[in-house]
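One-letter residues, chain by chain:
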Amino acid sequence: MRASSVPQPEPAPRPRRRTVLAGAAVVAATASVLPAAGAAGAAPRPPKTRPHRWRTAAIGGTGFVTGILFHPAVRGLAYARTDIGGAYRWDARASRWTALTDHLGWDDWNLLGVEAMAVDPVHPDRLYLALGTYAQEWASPGAVLRSEDRGATWARTDLPVRLGANEDGRGCGERLLVDPRDSGTLWLGTRHDGLLRSTDRGATWAADPSFPATPSAGGQGVTLLVAAGRTVYAGWGDGGTALYRTKASGGWEPVPGQPSAGAASRVPVRAAYDPGIRALYVSYADGPGPNNQADGSVHRLDTVTGTWRDVTPVAPGDGDAFGYGGVAVDAGRPGTVVVSTNNRWGPVDTLFRSTDGGASWASLKDTAVLDVSETPYLTWGGEPKFGWWIQAVAVDPYDSRHIVYGTGATVFGTRDLVHWAPEIRGLEESAVRQLIAPPSGAQLLSGLGDIGVMYHDSLTASPSRGMASNPVFGTATGLALATLKPSYVVRTGWPSGSGSAGAYSHDGGASWRPFASQPAIAPSAPGPVAVSANGATLLWSFVHWDGTKYAAHRSTDGGATWAEVATFPEGGTPVSDPLDPKRFYVYDTDTGTVLRSTDRGATFTAGAKGLPSGDVQFRIAAAPGRSGDLWLSAKDNGLLRSTDGGRTFAPVAGCQASHALGFGKAAPSRKGAGYPAVFQTGRVSATYDGVAVLRSDDAGATWLRVNDDAHRWGWTGEVITGDPRVHGRVYLGTNGRGIQYADPQ
């Protein structure tokens, strides 16, 4: 299950989870100045342009890689797709991936999931992507991107249908194919709208009325498209006939003799064609995956004789239930094929390799030596695993011993069939939940979907400590630092391997210990946490994954004991005052009321009322180095500020929308320390009429856009912060493209 953040519905049209980066691709971003938010002429305008250097903090993968595709005619050229984090091109000389879809912006958040990709074997520079993260009615329709320069630039066609790159079946495919008979014709298999066809290289699309299967609103539809010679095969995932092929006279027909529609061959997951022996291999499972598979098989079709053979390496059974996933052939060695198991949680998933067309198989996991030293988090607080959610497998057509496969967290590769290491540099897919840039120690602390909390001692190498352990979390739900005692940090999250949902650190997050006790609700509904400025008081709120809210609890002895806080709104996000240990704040988004505590969180009373309500993603941020200076991001209701500890709030003029907000080091000033730099993802329409990454060095009077149209990353409304040590540096959490950071140039 991907722990991706999905924007909550809004009254107005809405905008909307590994060997690591030795350094990130660097592109200068031109910043544009936003006009004064107050009276005209109230402040001098800053320069109109300010280049920024954007990079991606190194962790290494962390999410589901759903497809890997080598180009058959170009050595070292490969592409990868992900469920929520876009597409990538492999740079063989640099041994790293280059992101290809970072230009997709706020309104296109649903296009960051890549349902399918295709290359043109005859025209190596052509690349096609089918985009669309969710196929539900509340999501926007999908789109097809087409490139003539390997993804450096794109042309786009919006589709009338929705695609589902982060739904069940996202590891199937590929669902997009260049017709082997005509490079101008493309096929796109959809989940709910049948088979689409384009005759102008993806510029326009129409349903193919000759395709015989009937789509349904809740089905998988076309699961794969593959070329075998001049014939196109299509997999169907909704029962009945599972495999169709094109006819020489036009139209489609069921493939004769195909496996019966039992559980082991119900859904065709992947297919690969070996032209050397003219054999088509198809992997099957009883469901589309990546979860909830308990049976599967692998079958081989001799495309000349029409003969089918069951070549399943190991049949699933009682105590060892799983499906089959990826399948790939070796272009340099006819008869050599690799398949993966999937959802095999007992013995753990493996790759099987055959050199005799499937007559016999060897498990590559059984002899594998894993080296995850460049991405230490892959030890998972114990030992590294060969993988899970393996539905993407590829064999390098120019190197038979170079096999790569995607997992739920990384891309593993080998060059000798024995030693395996992540080939993941440049591919970052974290869904980021919390960010803290401390005044000393770690460069950054991050709370992430699926992989807990990270201590970033470097931004250009994966955190050396891996995932925060003792205890290990899945998704982090809270991360807080005592501002007057920054060595004290607390974190909360979904337990993994233990029942502990909260922990504390006395060394800035370098090491951890679980709270001595926790409220009974904690393991099943861990929510956000706050710590008082001096570290003496903890406030912990509780929210179940389904949105059910529970009473907050308070501890004044470091988590040894807890007491319910009856006056704290259930499910609220507590915020501590940066200077006064007695003060806490919370925004009751149900009623539009800010509540205040002046007795160390024991009781809360109402402050400002009548504020925007109805959205749990409205949030408060407290300005560092000041007491009672609060900023309220209320999405399309704008940005508000209080300087009296939440008693009253006033709009920040000129800001039409604010989604996430944080603070960094103040700009240099001859008059001494100025107001902290304010960063937000928001909209100030006078200069840029769209959501952008913004900075203000004058407490919101003027704003500077610090990203550009090449660096947008879809939805970025969860978290942003500056750096207390470096003026102008910004850290931005994305929903599938990891942690982006930038410095002014």
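Residues numbered from 1 in each chain as written. Predicted model: local features only at pLDDT ≥ 70, side-chain atom pairs only at ≥ 80, totals over all residues. Heavy atoms only, no water.

### Comments concerning the overall build of the protein chain
Argument step 1. Regarding its fold elements, the protein chain presents zero helices and 58 strands.
Argument step 2. Taken over the C-alpha trace, the protein chain has a radius of gyration of 27 Å; the compact-globule value for 745 residues is 27 Å, and the two agree within 12%.
Argument step 3. With respect to the principal axes defined by its C-alpha atoms, the protein chain has extents near 80 × 55 × 45 Å.
Argument step 4. Per-residue burial over the protein chain gives 61% buried out of 745 residues.
Argument step 5. When the accessible area of the protein chain is evaluated, it comes to approximately 25,600 Å², of which 50% is carbon and sulfur surface. (Helix = DSSP H or I, 4+ residues; strand = E, 2+ residues; numbered from the N terminus. Rg over C-alpha atoms; globule rule 2.2 N^0.38 Å. Buried < 20%, exposed > 50% of the residue type's maximum accessible area, 1.4 Å probe, protein only. Areas by Shrake-Rupley, 256 points an atom, 1.4 Å probe, with all protein chains shown as cover.)

### Remarks on the pattern of salt bridges
Argument step 1. Scanning the entire structure with this criterion turns up 28 salt bridges.
Argument step 2. Among the salt bridges present, the one from R81 reaches E174, with a minimum N-O distance of 3.0 Å. Highlighted residues: R81 in strand β5 (residues 77-82) and E174 in the loop between β11 (155-158) and β12 (176-178), separated in sequence by 93 residues. Both residues of the pair, R81 and E174, belong to the buried class.
Argument step 3. Between R175 and E115 there is a salt bridge; the shortest N-O distance is 3.6 Å. (Salt bridge = Lys/Arg side-chain N within 4 Å of Asp/Glu carboxyl O.)

### As for unusual backbone geometry
Argument step 1. Between G289 and P290 the backbone carries a cis peptide bond, its omega angle lying at 5°.
Argument step 2. With a phi close to 80°, D450 is a non-glycine residue in the positive phi region.
Argument step 3. In this fold, D450 is placed in the loop between β34 (444-448) and β35 (452-456).

### Focus: the packing of aromatic side chains
When we look at a pair of aromatic rings, we describe it by the centre distance and by the angle of the planes.
Argument step 1. One pass over the full model with this rule turns up 29 aromatic pairs.
Argument step 2. When the ring of Y504 is compared with that of F515, the centres are 6.3 Å apart and the planes differ by 5°; the resulting orientation is stacked. Residue Y504 is located in strand β38 (residues 502-505), and its partner F515 is located in the loop between β39 (513-514) and β40 (526-531); the two are separated by 11 residues in the primary sequence.
Argument step 3. Exposure remark for Y504: the relative accessible area of 18% places this residue in the buried category.
Argument step 4. For F515, a relative accessible area of 6% translates into the label buried.
Argument step 5. A network of ring pairs unites the aromatic residues Y488, Y504, F515, W540, F542 and W562 as a single cluster.
Argument step 6. The lysine or arginine in question, R465, covers the ring of Y455, its NZ or CZ lying 4.3 Å from the ring centre.
Argument step 7. One residue, R705, lies across the ring of Y688, its end atom 3.7 Å from the ring centre. (Phe/Tyr/Trp six-rings, centres within 6.5 Å; stacked < 30°, edge-to-face > 60°. Lys NZ or Arg CZ within 6 Å of the ring centre and 35° of its normal.)

### Notes on the nonpolar core
Argument step 1. If you look at the biggest cluster of nonpolar residues, it comprises 37 residues, and the most contacted ones within it are L351, Y377 and I403.
Argument step 2. Counting only elements with at least two residues in this core, the list comes to β29 (392-395), β30 (403-406), β33 (432-436), β34 and β58 (739-744).
Argument step 3. Apart from the residues within four sequence positions on either side, I403 is in contact with V338, L351, R353, L364, V393, A394, V395, F412, G413, T414, L417 and W420.
Argument step 4. L77, L104, V119 and L127 belong to the second largest nonpolar core, which has 17 residues in total. (Core = buried A, V, L, I, M, F, W, Y, C linked by side-chain atoms within 4.5 Å. Contact = heavy atoms within 4.5 Å.)

### So, the side chain of D629
Argument step 1. With respect to the helices, strands and loops of the structure, D629 is situated in the loop between β48 (619-622) and β49 (630-633).
Argument step 2. A polar atom in the side chain of D629 sits 3.0 Å from the side chain of R641.
Argument step 3. The contact partners of D629, leaving out residues within four places of it in the chain, are A621, A622, A623, R641, S642, T643 and Y675. (Polar contact = N/O pair within 3.5 Å; in protein donor to acceptor, adjacent residues only side chain to side chain.)

### What to know about the sheet that holds strand β24 (residues 323-329)
Argument step 1. Pairing in this open sheet of four strands is antiparallel, and the strands run β24-β25-β26-β27 from one edge to the other. In this open sheet, the two strands that pair with only one neighbour each are β24 and β27 (362-363).
Argument step 2. In the sheet, β24 pairs with strand β25 (residues 337-342) via five bridges, with the strands oriented antiparallel. Bridging across to β25, G323 finds its partner in N342. (Pairing = 2+ DSSP bridges.)

### Quick notes on the sheet that holds strand β17 (residues 231-236)
Argument step 1. Strand order in the open sheet formed by four strands is β16-β17-β18-β19, with antiparallel pairing between adjacent strands. Edge positions in the sheet fall to β16 (222-228) and β19 (252-254), since each has one partner strand and no second. Within the sheet, the average angular offset between the axes of one strand and its neighbour, ignoring direction, is 25°.
Argument step 2. Summarising the sheet, β17 and strand β18 (residues 243-246) pair through three bridges and their orientation is antiparallel. Bridge pairing in β18 places G235 opposite L243. (Axes fitted to C-alpha atoms, helices over the stretch in contact; angles between N-to-C directions.)

### Here's the deal with the pairing of β17
Walk down a regular strand and you will see the side chains alternate between the two sheet faces.
Argument step 1. The element β17 is extensively covered by neighbouring structure, given that five of its six residues are classed as buried.
Argument step 2. For β16 and β17, the ladder comprises six bridges, and the chain directions are antiparallel. Looking at β17, one finds that V226 is bridged to Y233.
Argument step 3. The antiparallel pairing of β16 with β17 creates a hairpin that spans two residues between the two strands, and G229 there sits at a positive phi of about 65°.
Argument step 4. Hairpin connection between β17 and β18: a loop of six residues separates the two successive antiparallel strands, and G239 in this loop has a positive phi of roughly 90°.

### Notes on the environment of E148
Argument step 1. Its location among the elements puts E148 in the loop between β10 (143-147) and β11.
Argument step 2. In this structure E148 comes out as partly exposed when scored by relative accessible area, which is 45%.
Argument step 3. Here the alpha-carbon distance between E148 and D125, two residues 23 residues apart in the chain, equals 5.3 Å.
Argument step 4. Once residues within four sequence positions are removed from consideration, E148 is found in contact with D125, R126 and R201.
Argument step 5. One polar contact links E148 to R126, side chain to side chain, over a distance of 3.4 Å.
Argument step 6. Within polar-contact distance, the side chain of E148 engages the side chain of R201 at 2.4 Å.

### A few points about the environment of A248
Argument step 1. Along the chain, the position of A248 falls in the loop between β18 and β19.
Argument step 2. Given a relative accessible area of 93%, A248 falls into the exposed group.
Argument step 3. Each C-alpha atom of the pair A248 and R230 lies 9.0 Å from the other, and the pair is 18 residues apart in sequence.

### Description of the confidence of the model for the protein chain
Argument step 1. On average, residues of the protein chain score 93 in pLDDT, and 93% of them are at 70 or above.
Argument step 2. Averaged pLDDT values for the elements of the protein chain fall to 28 in strand β2 (residues 33-34) and rise to 99 in strand β9 (residues 127-131).
Argument step 3. Across residues 1-49, confidence stays below pLDDT 50; counting only partners more than four residues off in sequence or on other chains, it has 195 contacts. (pLDDT = per-residue confidence, 0-100.)

### Considering the side chain of R737
Argument step 1. With respect to the secondary-structure elements, R737 resides in the loop between β57 (730-733) and β58.
Argument step 2. At a separation of 2.7 Å, a polar atom in the side chain of R737 contacts the side chain of D102.

### Re the environment of A551
Argument step 1. Looking at the element boundaries, A551 is found in strand β42 (residues 549-555).
Argument step 2. Along the sequence, A551 and R245 sit 306 residues apart, while their C-alpha atoms lie 58 Å from each other.
Argument step 3. Discounting chain neighbours no more than four positions away, the residues touching A551 are F542, E564 and E570.

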